[in-house]
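This is what each chain is made of:
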There are 6 protein chains.
Amino acid sequence: MTTTERTDGRAANELRPVTITRNWLDHAEGSVLVEFGGTRVLVAASVTEGVPRWRKGSGLGWVTAEYAMLPRATHTRSSRESVKGRIGGRTHEISRLIGRSLRACIDLGALGENMIEIDCDVLQADGGTRTAAITGAYVALADAVSWLRERGALASEPALTGSVAAVSVGIIDGQPRLDLPYEEDVRAETDMNVVATGDGNLVEVQGTAEGAPFSRTELDALLDLALAGCAELTAIQRAALEA
Amino acid sequence: MTTTERTDGRAANELRPVTITRNWLDHAEGSVLVEFGGTRVLVAASVTEGVPRWRKGSGLGWVTAEYAMLPRATHTRSSRESVKGRIGGRTHEISRLIGRSLRACIDLGALGENMIEIDCDVLQADGGTRTAAITGAYVALADAVSWLRERGALASEPALTGSVAAVSVGIIDGQPRLDLPYEEDVRAETDMNVVATGDGNLVEVQGTAEGAPFSRTELDALLDLALAGCAELTAIQRAALEA
Amino acid sequence: MTTTERTDGRAANELRPVTITRNWLDHAEGSVLVEFGGTRVLVAASVTEGVPRWRKGSGLGWVTAEYAMLPRATHTRSSRESVKGRIGGRTHEISRLIGRSLRACIDLGALGENMIEIDCDVLQADGGTRTAAITGAYVALADAVSWLRERGALASEPALTGSVAAVSVGIIDGQPRLDLPYEEDVRAETDMNVVATGDGNLVEVQGTAEGAPFSRTELDALLDLALAGCAELTAIQRAALEA
Amino acid sequence: MTTTERTDGRAANELRPVTITRNWLDHAEGSVLVEFGGTRVLVAASVTEGVPRWRKGSGLGWVTAEYAMLPRATHTRSSRESVKGRIGGRTHEISRLIGRSLRACIDLGALGENMIEIDCDVLQADGGTRTAAITGAYVALADAVSWLRERGALASEPALTGSVAAVSVGIIDGQPRLDLPYEEDVRAETDMNVVATGDGNLVEVQGTAEGAPFSRTELDALLDLALAGCAELTAIQRAALEA
Amino acid sequence: MTTTERTDGRAANELRPVTITRNWLDHAEGSVLVEFGGTRVLVAASVTEGVPRWRKGSGLGWVTAEYAMLPRATHTRSSRESVKGRIGGRTHEISRLIGRSLRACIDLGALGENMIEIDCDVLQADGGTRTAAITGAYVALADAVSWLRERGALASEPALTGSVAAVSVGIIDGQPRLDLPYEEDVRAETDMNVVATGDGNLVEVQGTAEGAPFSRTELDALLDLALAGCAELTAIQRAALEA
Amino acid sequence: MTTTERTDGRAANELRPVTITRNWLDHAEGSVLVEFGGTRVLVAASVTEGVPRWRKGSGLGWVTAEYAMLPRATHTRSSRESVKGRIGGRTHEISRLIGRSLRACIDLGALGENMIEIDCDVLQADGGTRTAAITGAYVALADAVSWLRERGALASEPALTGSVAAVSVGIIDGQPRLDLPYEEDVRAETDMNVVATGDGNLVEVQGTAEGAPFSRTELDALLDLALAGCAELTAIQRAALEA
């Protein structure tokens, strides 16, 4: 890694301060306020015993997610999607990504016919909202699974087959960097979100050339950074769950 | 007031613990996390210099509000209005109430051609979300007005002609009570929301018989309770703004 | 009451001419054309034997209401909500108010598992459309209940536990006035809608400061006017039902 | 024509009682309550001086129409299109038909840059609602044109180039019949709506085989009936306008 | 017929080149690419064994149709109805017309409790898209019925009681013409779509005066042209089905 | 690469037969029917001289894309998004991907203030619809740029800075394979879409673990396959453009 200056003084391979506050809500079966620097996401995991009609009798559970941003999470206010009467493409895309990522670490058979709905609401956005959401959502999911376990409602064990965490990486001024704040995100030539398991395998890799196309070598450097970042996040998740 | 027991041990004329945390967000011109017991509402006041086209050249500003609840603010999860593609009647009704209440304490001519949009998002609901929202929104509005004042963007002074606060009251088991939590709200025979100014006049009175109709005498008892409660909230608002 | 002149020559505590024409439609189980001066509302009560699925087996019936305005009910044409694809906040709010008001005078257990849907369509608007709608809707509801009674479809008696009527009041030029036409409504400093039972208790009180906040004394004067107006409307309803 | 009995005792070539009441509304520039037997349609013609932006400077006016039914116009209640959030195909189709029919009798250049919007709201439906709407709408349109004429707002004369009226015809039990009530409409093998000018030319012919296809001969018989019916309606319109 | 020149050199009573390509899709039970000159419509007939719930146990099948245009089917691009979130009136109207036309040639009892959905997607539009769609849809429907027949899934025979074909006719420069391309369609004074059975009876007649009203004589000339055109199309359909 | 059998007999690193038919539509400035085996996508590029208001005066052009599927493109019919009134998440996601990919090979400054809208409509789907769409869309885009060039409407040259092509890869039964048909797509453990430039750099990499997470080694093998596939597609595009 180089010594190019980042505005917040971090090294290129350094995460922002990350905090995960469990049980932020009184009623949700799992809930977390997750912060990646100035990005704050409130995650609630809601358990419904039973599954939607189309899944009844399958013996399988279901995990789904919805992502949204409060209107003034950002520098300038955006209109509410409820008022516009439509969910935008970006919202849809991120909700689907979070859902897929969480389903990668749960055994839906072991979950039994239960449904877990994960709501990720961005209270403040400063880059990396989707990766903060996934990282926090794993912890809320784990708490929701514990809630089911305590009630003897799981079909078998282990319901969680591992953990998932996510981080953004990008190339700014030619330099690969970890965990981009908004200010770097808008300047990135290439932008990548990586979701990885606690044991270092890949769940999602989404890389996009914002400006010039990127080379295979650059892709490799970004993956290195991201996997190291995810390993750190895994440790933070573990610490939060053991607290 | 009688000595009938409330679940949380309060006297019939006692507010729940109320806290108002200013500047909860980094970017909004005014922002507040307001808590009435377990009810938590995040309020953001967003200033746009200039007004919508239909108001241009009028010399008048505009203040508007939107209210919403996160899906898991409540005991069981509700569907998102953005996903349903429609805003429900209750949401509409409360958004309009908040907007009207705030416009009662601002001189739109003094505000000049500026717009302030107030977003009230309920992070957790335990009764009285609309009254907590109004009470907190006044503080966020005052901060947004200060922001304009510091930039010399007000047309004249005073822009704020007073303050507003709001509280719910209701009759439970025949007893008039102040500031109902969810548990009392669902049991109330009569339910009333009162918005009052800092000098004790009325802005909105909305009383509803949930079960049997109520007498003029009961109405009077509820108004007494509510006006006293609003006076206490006014003092809490003032303290928060002076902090 | 003072002697200040009203444009239509009424005393401050005088209703406009009110007429209630029953059976205006051939097929509805109850129907009324109600007129408060130039305000004309067509009310239809539709009975469905049976209740929605979520209420089946409860032994309880249901009463609901929908309010709407024809596009040219007003001085200038408004767009249709069906064309806009959304129901506005005002429409929602009034529909909910009418429904709640009518449920205050019916015993849903005595109604048995039957549903009554009340449609209030404003053919011409000249102020007080929601209060005219409630006043007329009570009569249409009574006819729909009679229709069920004649078929032996009520679970017990009395299904109607009383009557409801509604009227608007407001302060214009400092003077409290009863039953505001459009022209007074737009000039009112304070505007209040009151729904009362036939025996003089309160079902809904909705008072709003349109300009300056109002004092407790002003509130009392408005309530006096409104309760007297509702008593007159109750007599007119009774006469219509006996005709 | 044969002697087969119609439920209401009419001859096969006889219209139902038709009444056209002008100025049913106080504010609309033209308004009519039109009745074809039990079918009652309230028509309002709203004039806006000026045209939509896309038509400005063309020197041409515009006439458009919207058709809708109140929920309880029919034997059993239908849901409101505003509540469903969508306009159905039938509503769209009829609105377009009414608009086209009216534009056939007006010279948009003579109308000048003015817009006339025609709202046809069915208060009660007993067959032939679209043809009653067109027949009444012509009269409301004529009144709206007079309103413009009185203000000197027409670009030239004559703005109305003729009149239009409409009627339904159909084959029931093998017999061609004029002006079908609901009961005949549902039983018709072939159903046709004809819009004709006051001088006996055709504006719209919409014939549909509901059951078996129909022959060219049957089509001719239906057209004979319809043109005779339209001639009678033209006389009724003229009488209404001269009243 | 006169000798007035048409841009494409056709006689007034001549069809454009018509081709019907069966089995254009691999999976649909019936599918056709139908071309009327530059107009190209892809028709797919989808069979579902079983009917919607509301029709179960009736012994009757159902045939329905949906019509749509690709955004760049036309000279200039139109917005997608899916993006606008609403289906336009024209789309609704044509979908309903196609469905009714096809149901005129099928015995829903013989079809048994099976559903056939016909999708008509206009890939390129050069006038007469609805009539090309109907003409092609009959062939796709016939293939879908054969598919059911081969599986022994028809309730009785014949399921198809005849064939339907459709063509547009219009008056251009005073001359009645058959099968209008876009360029003639926009200039037509009168425009008519006729759907006829293979044995020369009428299913739908929809004639519209675009400019001046049309006489009974003109209507007769148009019907003559259209019925002759439909007879030709019937022969082309038969040839396609025998290929 | 191994010798495991693919249903269609291809080698693991072999593309399906790919054809690109230019000028499939008469009016679009660029249009292509692209086929990857059974997958057929109709692509239309529509040029508008000028840009949306928010971009005026910037000197920059704009390229955007919309993706959709005909209802019967798939094995069983899906509902139309226009009828549902909402665009699904998958549609949104793919439309955005196509737009971003195309913007990676065009210089928006050289394009000048012109807009190119790319419509990708899937006529038949057999896996890889988004990658076929991108590959075909590049050719349609190139034709649209030529259309502008011929009119002297480009601001500078070269407007196209390279080419883009896309292909799907996945791991089936442990084996990395190129260009998955539907049947392999549903069985893939890992699924990746890669968009690359003609000179072998990366524009988008979207890899998803459908079952178990994938290792860095597997990612590498998939990238090798995909880049080789894109090189072949680049040659096919070039040949099509030279034809």
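Under an unreviewed UniProt entry, chain A has the name Ribonuclease PH and belongs to Epidermidibacterium keratini. Quoted straight from UniProt, the Sequence similarities (unreviewed entry) entry for chain A says "Belongs to the RNase PH family." UniProt lists a comment for chain A under the heading Catalytic activity (unreviewed entry), and it reads "tRNA(n+1) + phosphate = tRNA(n) + a ribonucleoside 5'-diphosphate".

Draft legend 1. Quick look at the arrangement of the chains. Between chain A and chain D there is no contact, and the shortest C-alpha to C-alpha distance separating them is 11 Å. In this view chain C stays clear of chain F, with the nearest C-alpha atoms of the two still 11 Å from each other.

Draft legend 2. Highlighting the relation of the copies chain A and chain B. Aligned on chain B, chain A shows an RMSD of 0.0 Å; the corresponding rotation is 180° and the shift along the axis is 0.0 Å. A rotation of that kind, with that shift, is consistent with a two-fold axis. Minimal C-alpha distance to the rotation axis in chain A is attained by Ser82(A), lying at 1.8 Å. Interface residue correspondence from chain A to chain B reaches 100%, placing this contact among same-surface, isologous pairings.

Draft legend 3. Here's a closer look at the pairing of strand 8 (residues 190-197) of chain E. All names here are of chain E. Counting buried positions along strand 8 gives 8 out of 8 residues, so the element sits mostly inside the fold. What you see with strand 8 is no split at all: Thr190, Met192, Val194 and Ala196 on one side and Asp191, Asn193, Val195 and Thr197 on the other are buried throughout. Pairing geometry for strand 6 (residues 164-172) and strand 8, over 8 bridges, is antiparallel. Each residue of the ladder has a partner; that of Ala165, found in strand 8, is Ala196.

Draft legend 4. How the structure looks around the packing of aromatic side chains. For the structure on display, the rule yields 6 aromatic pairs over all chains. Plain terms: the ring middles of Trp54(B) and Trp62(B) are 6.1 Å apart, the flat faces sit at 75° to each other, and that makes the pair edge-to-face. Note on Trp54(B): relative accessible area 60%, which makes it exposed. Lying over the aromatic face of Trp24(D), Arg40(C) brings its terminal NZ or CZ to 4.6 Å of the ring centre.

Draft legend 5. Structural detail: the sheet that holds strand 8 (residues 190-197) of chain A. Across the sheet, which stays open at both edges, the 8 strands sit in the order 7(A)-6(A)-8(A)-9(A)-9(F)-8(F)-6(F)-7(F) with antiparallel pairing between neighbours. The open sheet has two edge strands, strand 7 (175-178) of chain A together with strand 7 (175-178) of chain F, and neither has a second partner. Here the average twist between neighbouring strands, direction ignored, is 15°. Sitting on the sheet, helix 6 (residues 216-242) of chain A is in contact with strand 6 (164-172), strand 7, strand 8 and strand 9 (202-209) of chain A together with strand 9 (202-209) of chain F, with an inclination near 140° to strand 6 of chain A. Where helix 2 (residues 89-103) of chain F meets the sheet, its contacts fall on strand 9 of chain A together with strand 6 (164-172), strand 8 (190-197) and strand 9 of chain F, and the angle it forms with strand 9 of chain F comes to roughly 150°.

Draft legend 6. Seen up close, the interface of chain E and chain D. With 27 residues of chain E in contact, the opposing surface of chain D contributes 27 residues. Together, the buried faces of chain E and chain D total about 2,500 Å²; carbon and sulfur atoms form 50% of this surface. Three residues, Glu93(E), Leu202(E) and Arg216(E), lead the burial of chain E against chain D; their summed loss comes to 23% of the area buried on that side. Across the chain E-chain D interface, the total number found is 6 salt bridges. One salt bridge in this structure joins Asp224(E) and Arg216(D), with 2.9 Å as the shortest N-O distance. Put simply, chain E and chain D have 14 residue pairs in polar contact (both at pLDDT 80 or more) between them.

Draft legend 7. Main features of the side chain of Thr234(C). All names here are of chain C. Take Thr234: it is sitting in helix 6 (residues 216-242). Owing to a relative accessible area of 5%, Thr234 belongs among the buried residues under this scheme. Those residues in contact with Thr234, other than ones at most four positions away along the chain, are Ser163, Ala165 and Gly198.

Draft legend 8. Highlighting the UniProt feature "domain: Exoribonuclease phosphorolytic" (unreviewed entry) in chain A. Residue and element names in this part refer to chain A. Mapped onto the present numbering, the UniProt feature "domain: Exoribonuclease phosphorolytic" (unreviewed entry) falls on residues 14-144 and 163-228. In residues 14-144, the share of helix is 30% and the share of strand is 32%. The end C-alpha atoms are 30 Å apart. The span residues 163-228 carries 26% helix and 44% strand; its end-to-end C-alpha distance comes to 15 Å.

Draft legend 9. Fine view of empty space enclosed by the protein. Using the criterion set out here, one finds 8 cavities of 30 Å³ or more in the structure. In this structure, the largest cavity spans a volume of roughly 60 Å³. Residue lining of the largest cavity: Leu70(E), Pro71(E), Arg72(E), Ala73(E), Leu123(E), Leu25(F), Leu42(F), Val43(F), Ala44(F), Asp119(F) and Asp121(F), and that is the complete set. With 3 residues, strand 3 (residues 39-49) of chain F is the single largest residue contributor to the lining of the largest cavity.

Draft legend 10. Just the packing of helix 2 (residues 89-103) of chain E against helix 4 (residues 129-150) of chain E, in detail. All names here are of chain E. The interhelical angle for the contact between helix 2 and helix 4, taken along N-to-C directions, is 40°, at an axis separation of 10 Å. One element, helix 2, and the other, helix 4, form an angle in the oblique class. The handedness of the crossing between helix 2 and helix 4 comes out as right-handed. Across from Arg90, Ile94, Leu97, Ile98, Ser101 and Leu102 in helix 2, the residues of helix 4 making contact are Thr129, Arg130, Ala133, Ile134, Ala137, Tyr138 and Leu141. In the contact of helix 2 with helix 4, the residues fall into 9 nonpolar, 2 polar and 2 charged.

Criteria and thresholds
Residues numbered from 1 in each chain as written. Chains lettered and ligands numbered in written order. Predicted model: local features only at pLDDT ≥ 70, side-chain atom pairs only at ≥ 80, totals over all residues. Heavy atoms only, no water. UniProt positions renumbered as here; feature names shortened; annotations may be inferred. Contact = heavy atoms within 4.5 Å. Least-squares fit on C-alpha atoms with pLDDT ≥ 70 in both. Buried < 20%, exposed > 50% of the residue type's maximum accessible area, 1.4 Å probe, protein only. Helix = DSSP H or I, 4+ residues; strand = E, 2+ residues; numbered from the N terminus. Pairing = 2+ DSSP bridges. Phe/Tyr/Trp six-rings, centres within 6.5 Å; stacked < 30°, edge-to-face > 60°. Lys NZ or Arg CZ within 6 Å of the ring centre and 35° of its normal. Axes fitted to C-alpha atoms, helices over the stretch in contact; angles between N-to-C directions. Buried area = accessible area lost by both parts, 1.4 Å probe. Salt bridge = Lys/Arg side-chain N within 4 Å of Asp/Glu carboxyl O. Polar contact = N/O pair within 3.5 Å; in protein donor to acceptor, adjacent residues only side chain to side chain. 1 Å grid on protein atoms, 1.4 Å probe; cavity = no way out; pocket = protein on both sides within 12 Å on 5 of 7 lines; lining within 4 Å. Points joined across faces, edges and corners; volume = space filled by probe spheres on them. Parallel < 35°, antiparallel > 145°, perpendicular 65-115°, else oblique. Left-handed = near helix turned anticlockwise from the far one by under 90°. Nonpolar A, V, L, I, M, F, W, Y, C, P; charged D, E, K, R; others polar.

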